[in-house]
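# Structural features, examined
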Number of protein chains: 2
Amino acid sequence: MKLYDCAPAPSPRRVRVFLAEKGETLPTVQIDLANREQLSPEFRARNPRCTVPVLELDDGTCLVETLAICHYLEHRFPAPPLMGRDLREQALVLQWNARIESEGLAAVAEAFRNQSRGFRDRALPGPQNFAQLPELAERGRVRATAFLDMLDEHLSDSPYIVGSHYSLADITALIAVDFARWIRLEPGDRRHLARWHRSVSSRPSAAA
Amino acid sequence: MKLYDCAPAPSPRRVRVFLAEKGETLPTVQIDLANREQLSPEFRARNPRCTVPVLELDDGTCLVETLAICHYLEHRFPAPPLMGRDLREQALVLQWNARIESEGLAAVAEAFRNQSRGFRDRALPGPQNFAQLPELAERGRVRATAFLDMLDEHLSDSPYIVGSHYSLADITALIAVDFARWIRLEPGDRRHLARWHRSVSSRPSAAA
């Protein structure tokens, strides 16, 4: 297996933290997003969507979605389980992972990519260029703020995102909350979110 | 178990087709989205996101994400498998399901919700109102067209979305392609996509 990564980017960090929790490392290739290496013919041959992370399997199959990569790694390296310990918990991890992707990561990306100079004409990832829309920068910020409020309330009676065990849902949420700093949103005085964020940030895996 | 559904809406149809392929039915409650029943206090108590489908488990847990619901049903009703027959195939089903959600369903929804009179101030689902943006109607249409082209190319050397077995990825793609008609996009002369669409539409489950 080989991992295609970009150290400063939020999405591939999800896979790095996931592997660190498993105590595993993989041969890794850095893709230079700042210089648009993801748009090169070599990388497109692996992932026509032009995104990282990509996990290349030994038979040449390329997994290009974080959830698919994590599912594969969960079964290759079962301990400790990070995607649920029974069926109900598995379903809740998938559910929270999806919610945090759409309400958190996508909201922050909407705000960030529609306002940053470096993303002019790159409001969406992928091979095609899309113009920035100032209204989307504002909408993304409103949605990201609502996301932080929602997580704070959810964590008021739960130590982790799904019950009493750290899971992929916590990893996705950690990266979404850290990504929100890119648009100057912080946990601030949301005390349940802040307590959880200190806890998951203090795990050695958070440095991955 | 109890399913909260809305017969005309695309997302809950994914769960209905999934169940039909398993030969299962569940007690079902219709939620009247046209009259905004999803925003009622009763429904919000089950799903604060105000979306269908919702699967209520016997312990009262509500699963509010299609993928989480399908994962749960896949393990409760294992035959026939619809989420992959081995680890690699499982990962590819998750991957294609996610791609079709973001490149297909979300793109069509972006076009449809930003242009339809009935969705004024409802450009996004959920408890909060967001204004329509004409630029997003156009962007969604461009993305949905690229999605149909991408699927056509992918299906040129594959009978189903993931190899030689019908899966959740086909269900999500069927619903995305049918949803595209709401913005007047059809498979048209994309012949691989049209062949696949005829095939999956002729299965009895497609009527679910």
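Residues numbered from 1 in each chain as written. Chains lettered and ligands numbered in written order. Predicted model: local features only at pLDDT ≥ 70, side-chain atom pairs only at ≥ 80, totals over all residues.

## A few points about the interface of chain B and chain A
Put simply, the rule is: What counts as a contact is two residues whose backbone-derived C-beta atoms lie within 7 Å of each other. Helix numbers and strand numbers start at the N terminus; a helix is a DSSP run of H or I with at least 4 residues, a strand a run of E with at least 2.
Each partner contributes residues to the interface: chain B has 25 residues there, and chain A has 25 residues. For the side of chain B that touches chain A, the element with the highest residue contribution is helix α4 (residues 87-113) of chain B, accounting for nine residues.

## Regarding helix α6 (residues 168-180) of chain A
Each full turn of the α-helix corresponds to 3.6 residues, which orients residues three or four apart in the same direction. Residue and element names in this part refer to chain A. Stated precisely, the cut-off is as follows: Here the expected span of a helix is defined as 1.5 Å times the quantity of residues minus one. Each residue is classed by its C-beta neighbour count within 10 Å, where at least 20 other C-beta atoms makes it buried, 12 or fewer makes it exposed, and intermediate counts make it partly exposed; the C-beta atoms are placed from backbone geometry.
Over its 13 residues, α6 runs 18 Å from end to end, which matches the ideal 18 Å to within 8%, given 1.5 Å per residue. Within α6, twelve of the 13 residues are buried, leaving the element largely enclosed by the surrounding structure. Among the residues of α6, Leu168, Ala169, Asp170, Ile171, Thr172, Ala173, Leu174, Ile175, Ala176, Val177, Phe179 and Ala180 are the ones counted as buried. Summarising the contacts, the buried residues of α6 are in contact with α1 (10-22), α3 (66-76), α4 (87-113), α5 (134-154) and α7 (191-201).

## A closer look at α5(A)
All names here are of chain A. Taking 1.5 Å per residue as the helical rise, α5 with its 21 residues ought to reach 30 Å, and the 30 Å between its terminal C-alpha atoms agrees with that figure. By the burial criterion, the buried members of α5 are Leu136, Arg139, Gly140, Arg141, Arg143, Ala144, Phe147, Leu148, Leu151 and Asp152. Its buried side turned inward, α5 meets α4, α6 and α7.

## Topic: the domain arrangement of chain A
Residue and element names in this part refer to chain A. Under the convention used in this document: Residue ranges for the domains trace back to a domain assignment, done automatically or taken from a database. Amino acids are sorted into nonpolar (Ala, Val, Leu, Ile, Met, Phe, Trp, Tyr, Cys and Pro), charged (Asp, Glu, Lys and Arg) and polar (every other residue, Gly among them).
The assigned domain composition of chain A is domain 1 (2-76) and domain 2 (87-203). A separation of 20 Å is found between the C-alpha centroids of domain 1 and domain 2. Listed per partner, the contact involves twelve residues of domain 1 and ten residues of domain 2. Elements represented by at least two residues in the side of domain 1 that touches domain 2 include exactly α1 and α3. When residues in the side of domain 1 that touches domain 2 are grouped by element, the largest group, five residues, is from α1. Classifying every residue of the side of domain 1 that touches domain 2 gives eight nonpolar, one polar and three charged.

## Describing unusual backbone geometry
The step from A:Val52 to A:Pro53 runs through a cis peptide bond, and the omega angle for that step is 5 degrees. You will see that A:Cys50, though not glycine, has its phi angle at about 65 degrees, which is positive. Residue placement: A:Cys50 occurs in the loop between α2 (41-46) and β3 (54-56). Non-glycine residue B:Arg36 carries a positive phi angle of around 60 degrees. With respect to the element layout, B:Arg36 can be found in the loop between β2 (28-30) and α2 (41-46). B:Arg36 gets classed as exposed once you count the C-beta atoms within 10 Å, which come to 12.

## Examining the nonpolar core
The condition is simple: A set of buried Ala, Val, Leu, Ile, Met, Phe, Trp, Tyr and Cys residues, joined through C-beta atoms within 7 Å, is what we mean by a nonpolar core.
Ranked by internal contacts, the top residues of the largest apolar core, which has 110 residues, are A:Phe18, A:Val108, A:Ala176, B:Phe18, B:Val108 and B:Ala176. B:Val108 has contacts with B:Gly140, B:Ala144, B:Ala176, B:Phe179, B:Ala180, B:Trp182 and B:Ile183, leaving out every residue within four places of it along the chain.

## Here's the deal with the relation of the copies chain B and chain A
Heads up, the condition is: Residues reaching a pLDDT of at least 70 in both copies supply the C-alpha atoms on which the copies are superposed by least squares.
For the pair chain B and chain A, the superposition axis carries a translation of 0.0 Å, the fit reaches an RMSD of 0.0 Å, and the rotation angle comes to 180 degrees. In the structure described here, the two chain copies are related by an operation that fits a two-fold rotation axis. The fraction of interface residues of chain B whose copies in chain A are also interface residues reaches 100%, indicating that both copies meet through the same surface.

## Side note on the pairing of strand β1 (residues 2-5) of chain B
All names here are of chain B. Applied cut-off: When DSSP finds at least two bridges between two strands, those strands are taken to pair. A right-handed crossover is one whose linking path, passing over the helix from the first strand to the second, runs clockwise when the strands point away from the viewer.
Relative to strand β3 (residues 54-56), β1 runs antiparallel, the two being bridged by three bridges. Bridged to Lys2 within β3 is Glu56. Across three bridges, the pairing between β1 and β2 is parallel. Residue Asp5 lies in a different strand from β2, and its bridge partner there is Gln30. With helix α1 (residues 10-22) bridging β1 and its parallel neighbour β2, the resulting β-α-β unit is right-handed.

## Quick notes on the packing of α1(B) against helix α6 (residues 168-180) of chain B
When two helices pack together, their arrangement is given by the angle between the helix axes and the distance between those axes. Residue and element names in this part refer to chain B. Selection criterion: A fitted line through C-alpha atoms represents every axis, and for helices the fit uses only the stretch in contact; the resulting angles, taken between N-to-C directions, go from 0 to 180 degrees. Crossing chirality is assigned from the near helix's rotation relative to the far helix, an anticlockwise turn below a right angle marking it left-handed and a clockwise turn marking it right-handed.
It is the contact of α1 with α6, at a shortest axis distance of 9 Å, that shows an interaxial angle of 140 degrees. α1 and α6 meet at a crossing whose hand is right-handed. Every residue of α6 that contacts α1 at Pro10, Arg13, Arg14, Val17 and Phe18 is listed here: Leu168, Ile171, Thr172, Ile175 and Phe179. Class assignment for the residues of the contact of α1 with α6 results in seven nonpolar, one polar and two charged.

## Considering the environment of A:Arg184
All names here are of chain A. Following the sequence through the fold, Arg184 ends up in the loop between α6 and α7. Residue classification places Arg184 among the exposed residues on the basis of 8 C-beta atoms within 10 Å. For the pair Arg184 and Phe112, spaced 72 residues apart in sequence, the C-alpha to C-alpha distance is 10.0 Å.

## What about the sheet that holds β3(A)?
Residue and element names in this part refer to chain A. As summarised here, the arrangement of the four strands in space is β2-β1-β3-β4, forming an open sheet in which the pairing is mixed. Two strands lie at the open edges of the sheet, namely β2 (28-30) and β4 (62-63), each paired on one side alone. Where β3 and β4 come together, two bridges link them in antiparallel fashion. Paired with Glu56 across the bridge in β4 is Cys62.

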